[in-house]
Amino acid sequence: MNITEYFVTHLKINSKKMRRLDKLILKSFIGPFFLTTIVATFILLVQYMLKYFDDFVGKNLGFKVFGELLFYFSINILPNALPLGVLISSLMTFGNLGENFELSAIKSAGISLTRALKPIFFFILTLTISSFFFNNYVVPAANLKAYSLIYDIKHKKPALDI
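Residues numbered from 1 in each chain as written. Predicted model: local features only at pLDDT ≥ 70, side-chain atom pairs only at ≥ 80, totals over all residues. Heavy atoms only, no water.

Caption draft 1: Expanded view of the overall build of the protein chain. A count of helices and strands for the protein chain gives five helices and zero strands. When its helices and strands are written in sequence order, the protein chain yields α-α-α-α-α. Burial statistics for the protein chain: of 162 residues in total, 31% are counted as buried. Put simply, 89% of the contacts in the protein chain that link residues at least 6 apart link residues at least 24 apart. In the form shown here, the protein chain has an accessible surface area of approximately 11200 Å², with 69% of it arising from carbon and sulfur atoms. (Helix = DSSP H or I, 4+ residues; strand = E, 2+ residues; numbered from the N terminus. Buried < 20%, exposed > 50% of the residue type's maximum accessible area, 1.4 Å probe, protein only. Contact = heavy atoms within 4.5 Å. Areas by Shrake-Rupley, 256 points an atom, 1.4 Å probe, with all protein chains shown as cover.)

Below you can see the structure in the form of C-alpha coordinates.
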(Lines give C-alpha, C1' and ligand atoms only; values in the text may rest on other atoms or scores of the structure.)
Protein backbone atom coordinates (compact mmCIF):
# COMPACT_ATOMS: atom_id res chain seq x y z
CA MET A 1 0.00 0.00 0.00
CA ASN A 2 1.55 3.26 -1.09
CA ILE A 3 0.94 6.67 0.45
CA THR A 4 -1.79 7.78 -2.01
CA GLU A 5 -3.88 4.65 -1.39
CA TYR A 6 -3.54 5.21 2.33
CA PHE A 7 -4.81 8.79 2.06
CA VAL A 8 -7.68 7.77 -0.24
CA THR A 9 -8.88 5.06 2.15
CA HIS A 10 -8.31 7.33 5.14
CA LEU A 11 -10.31 10.15 3.55
CA LYS A 12 -13.17 7.78 2.68
CA ILE A 13 -13.39 6.55 6.26
CA ASN A 14 -13.07 10.09 7.57
CA SER A 15 -15.82 11.36 5.26
CA LYS A 16 -18.17 8.64 6.53
CA LYS A 17 -17.47 9.71 10.08
CA MET A 18 -18.13 13.30 9.15
CA ARG A 19 -21.45 12.36 7.65
CA ARG A 20 -22.35 10.52 10.84
CA LEU A 21 -21.28 13.54 12.85
CA ASP A 22 -23.43 15.80 10.67
CA LYS A 23 -26.42 13.51 11.17
CA LEU A 24 -25.85 13.42 14.93
CA ILE A 25 -25.68 17.19 15.21
CA LEU A 26 -28.67 17.77 12.91
CA LYS A 27 -30.79 15.17 14.69
CA SER A 28 -30.03 16.76 18.02
CA PHE A 29 -30.84 20.21 16.58
CA ILE A 30 -34.05 19.58 14.58
CA GLY A 31 -36.25 18.38 17.46
CA PRO A 32 -35.57 21.29 19.81
CA PHE A 33 -35.77 23.69 16.86
CA PHE A 34 -39.34 22.73 15.99
CA LEU A 35 -40.39 22.62 19.64
CA THR A 36 -38.92 26.01 20.54
CA THR A 37 -40.26 27.59 17.35
CA ILE A 38 -43.77 26.35 18.16
CA VAL A 39 -43.50 27.58 21.76
CA ALA A 40 -42.17 30.99 20.65
CA THR A 41 -44.94 31.26 18.05
CA PHE A 42 -47.55 30.44 20.68
CA ILE A 43 -46.20 33.00 23.16
CA LEU A 44 -46.02 35.74 20.52
CA LEU A 45 -49.45 34.77 19.20
CA VAL A 46 -51.04 35.08 22.64
CA GLN A 47 -49.46 38.50 23.07
CA TYR A 48 -50.66 39.55 19.62
CA MET A 49 -54.20 38.29 20.18
CA LEU A 50 -54.50 40.08 23.53
CA LYS A 51 -54.10 43.34 21.64
CA TYR A 52 -57.37 42.65 19.80
CA PHE A 53 -59.18 40.95 22.70
CA ASP A 54 -61.54 43.86 23.34
CA ASP A 55 -62.71 43.72 19.71
CA PHE A 56 -63.79 40.07 20.11
CA VAL A 57 -65.78 40.33 23.32
CA GLY A 58 -69.53 40.30 22.84
CA LYS A 59 -69.49 39.70 19.08
CA ASN A 60 -70.74 36.09 19.21
CA LEU A 61 -67.98 34.84 16.91
CA GLY A 62 -67.67 31.16 16.11
CA PHE A 63 -64.68 28.88 16.47
CA LYS A 64 -64.14 28.98 12.73
CA VAL A 65 -63.49 32.73 12.78
CA PHE A 66 -61.10 32.40 15.74
CA GLY A 67 -59.30 29.51 14.07
CA GLU A 68 -58.94 31.46 10.85
CA LEU A 69 -57.65 34.47 12.74
CA LEU A 70 -55.16 32.37 14.72
CA PHE A 71 -53.93 30.77 11.51
CA TYR A 72 -53.35 34.11 9.77
CA PHE A 73 -51.70 35.68 12.80
CA SER A 74 -49.46 32.65 13.31
CA ILE A 75 -48.26 33.02 9.72
CA ASN A 76 -47.63 36.68 10.50
CA ILE A 77 -45.66 35.86 13.66
CA LEU A 78 -43.63 32.92 12.35
CA PRO A 79 -40.79 35.09 10.93
CA ASN A 80 -40.36 36.64 14.38
CA ALA A 81 -40.37 33.24 16.11
CA LEU A 82 -37.83 31.55 13.82
CA PRO A 83 -34.76 33.42 15.16
CA LEU A 84 -35.84 32.66 18.73
CA GLY A 85 -36.22 28.98 17.84
CA VAL A 86 -32.80 28.89 16.20
CA LEU A 87 -31.09 30.60 19.12
CA ILE A 88 -32.64 28.49 21.85
CA SER A 89 -32.33 25.19 20.01
CA SER A 90 -28.67 25.80 19.11
CA LEU A 91 -27.94 26.60 22.75
CA MET A 92 -29.78 23.44 23.81
CA THR A 93 -28.02 21.30 21.20
CA PHE A 94 -24.49 22.36 21.96
CA GLY A 95 -25.24 22.48 25.68
CA ASN A 96 -26.32 18.84 25.56
CA LEU A 97 -23.31 17.91 23.44
CA GLY A 98 -21.04 19.59 25.97
CA GLU A 99 -22.84 18.08 28.94
CA ASN A 100 -22.50 14.55 27.57
CA PHE A 101 -18.83 15.18 26.67
CA GLU A 102 -19.61 14.60 22.99
CA LEU A 103 -18.27 18.03 22.13
CA SER A 104 -15.03 17.13 23.92
CA ALA A 105 -14.85 13.88 21.96
CA ILE A 106 -15.36 15.78 18.72
CA LYS A 107 -12.61 18.24 19.63
CA SER A 108 -10.25 15.45 20.74
CA ALA A 109 -10.81 13.65 17.44
CA GLY A 110 -9.24 16.64 15.74
CA ILE A 111 -12.45 18.09 14.34
CA SER A 112 -12.65 21.83 14.69
CA LEU A 113 -15.62 23.59 16.20
CA THR A 114 -16.32 25.37 12.91
CA ARG A 115 -16.50 21.98 11.20
CA ALA A 116 -18.93 20.77 13.86
CA LEU A 117 -21.07 23.87 13.29
CA LYS A 118 -21.17 23.36 9.51
CA PRO A 119 -24.38 21.21 9.32
CA ILE A 120 -26.31 23.68 11.46
CA PHE A 121 -24.92 26.56 9.40
CA PHE A 122 -26.21 25.04 6.16
CA PHE A 123 -29.57 24.25 7.76
CA ILE A 124 -29.87 27.85 8.98
CA LEU A 125 -28.79 29.16 5.58
CA THR A 126 -31.54 27.12 3.90
CA LEU A 127 -34.00 28.28 6.54
CA THR A 128 -33.01 31.91 5.97
CA ILE A 129 -33.51 31.72 2.21
CA SER A 130 -36.87 29.99 2.58
CA SER A 131 -37.89 32.51 5.25
CA PHE A 132 -37.03 35.34 2.88
CA PHE A 133 -39.36 33.99 0.20
CA PHE A 134 -41.98 33.18 2.84
CA ASN A 135 -41.87 36.80 4.01
CA ASN A 136 -42.13 38.12 0.46
CA TYR A 137 -45.00 36.00 -0.80
CA VAL A 138 -46.98 34.35 2.00
CA VAL A 139 -46.93 36.85 4.87
CA PRO A 140 -48.40 39.83 2.93
CA ALA A 141 -51.34 37.75 1.75
CA ALA A 142 -51.92 36.46 5.29
CA ASN A 143 -51.72 40.01 6.66
CA LEU A 144 -54.30 41.22 4.16
CA LYS A 145 -56.70 38.43 5.07
CA ALA A 146 -56.11 38.81 8.82
CA TYR A 147 -56.62 42.55 8.92
CA SER A 148 -59.66 42.40 6.65
CA LEU A 149 -61.11 39.83 9.05
CA ILE A 150 -60.27 42.11 12.01
CA TYR A 151 -61.98 44.99 10.18
CA ASP A 152 -65.09 42.87 9.66
CA ILE A 153 -65.08 41.84 13.33
CA LYS A 154 -64.72 45.44 14.53
CA HIS A 155 -67.66 46.60 12.44
CA LYS A 156 -69.94 43.75 13.44
CA LYS A 157 -72.77 44.74 15.73
CA PRO A 158 -72.52 43.46 19.29
CA ALA A 159 -74.55 40.36 19.99
CA LEU A 160 -74.51 40.79 23.74
CA ASP A 161 -77.86 41.83 25.20
CA ILE A 162 -77.42 43.88 28.33
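Caption draft 2: Local environment of helix 3 (residues 63-99). Taking 1.5 Å per residue, 37 residues should reach 54 Å; helix 3 reaches only 45 Å between its end C-alpha atoms and comes up short. The sharpest bend along helix 3 reaches about 45° and sits at L78, with the proline P79 one to four residues further on. (Expected span 1.5 Å × (residues − 1). Bend = angle between axes of the 7 residues up to and from the residue.)

Caption draft 3: View of the packing of helix 3 against helix 5 (residues 113-154). Axis separation between helix 3 and helix 5 bottoms out at 8 Å; the angle between their running directions is 160°. The orientation of helix 3 with respect to helix 5, classified from their angle, is roughly antiparallel. Of the two elements, helix 3 crosses helix 5, and the hand of that crossing is left-handed. Its residues assigned to classes, the contact of helix 3 with helix 5 shows 24 nonpolar, five polar and two charged. (Axes fitted to C-alpha atoms, helices over the stretch in contact; angles between N-to-C directions. Parallel < 35°, antiparallel > 145°, perpendicular 65-115°, else oblique. Left-handed = near helix turned anticlockwise from the far one by under 90°. Nonpolar A, V, L, I, M, F, W, Y, C, P; charged D, E, K, R; others polar.)

Caption draft 4: A nonpolar patch on the surface, seen in detail. A cluster of nonpolar side chains, contributed by L35, V39, F42, I43, V46, L50, F53 and V57, occupies part of the molecular surface with about 800 Å² of accessible area. Ranked by residue count, the leading element in the nonpolar patch is helix 1 (residues 3-51), at six residues. Along the chain, the position of F42 falls in helix 1. (Patch = residues over 30% accessible without salt bridge, like charges linked within 9 Å, V, L, I, M, F, W, Y side chains within 5 Å. Salt bridge = Lys/Arg side-chain N within 4 Å of Asp/Glu carboxyl O.)

Caption draft 5: Quick look at a positive patch on the surface. Where like charges cluster on the molecular surface, the positive patch consists of R19, R20, K23 and K27. In this structure, R19 sits in helix 1. (Lys, Arg positive; Asp, Glu negative; His and termini not counted. Charge placed at Lys NZ, Arg CZ, Asp CG, Glu CD.)

Caption draft 6: A look at unusual backbone geometry. With a phi close to 60°, F101 is a non-glycine residue in the positive phi region. Tracing the chain through its elements places F101 in the loop between helix 3 and helix 4 (102-108). For F101, a relative accessible area of 61% puts it in the exposed group.

Caption draft 7: Spatial organisation of the side chain of T36. Checked against the element boundaries, T36 lands in helix 1. Of note is the side chain of T36, whose polar atom sits 3.2 Å from the backbone oxygen of G85. Apart from residues lying up to four places away in sequence, T36 is in contact with G85, I88, S89 and M92. (Polar contact = N/O pair within 3.5 Å; in protein donor to acceptor, adjacent residues only side chain to side chain.)

Caption draft 8: Here's a closer look at the nonpolar core. Counting residues in each nonpolar core, the largest one holds 17 residues, and the members touching the most others are M49, Y52, F56, L69, F73, I150 and I153. Of all elements in the fold, only helix 1, helix 3 and helix 5 reach the threshold of two or more residues within this core. At six residues, the largest contribution of residues to this core is made by helix 5. The residues contacting I150, other than those within four sequence positions of it, are Y52, F56, L69 and F73. Counting 14 residues, the second largest nonpolar core, distinct from the first, contains L82, I111, I120 and L127. (Core = buried A, V, L, I, M, F, W, Y, C linked by side-chain atoms within 4.5 Å.)

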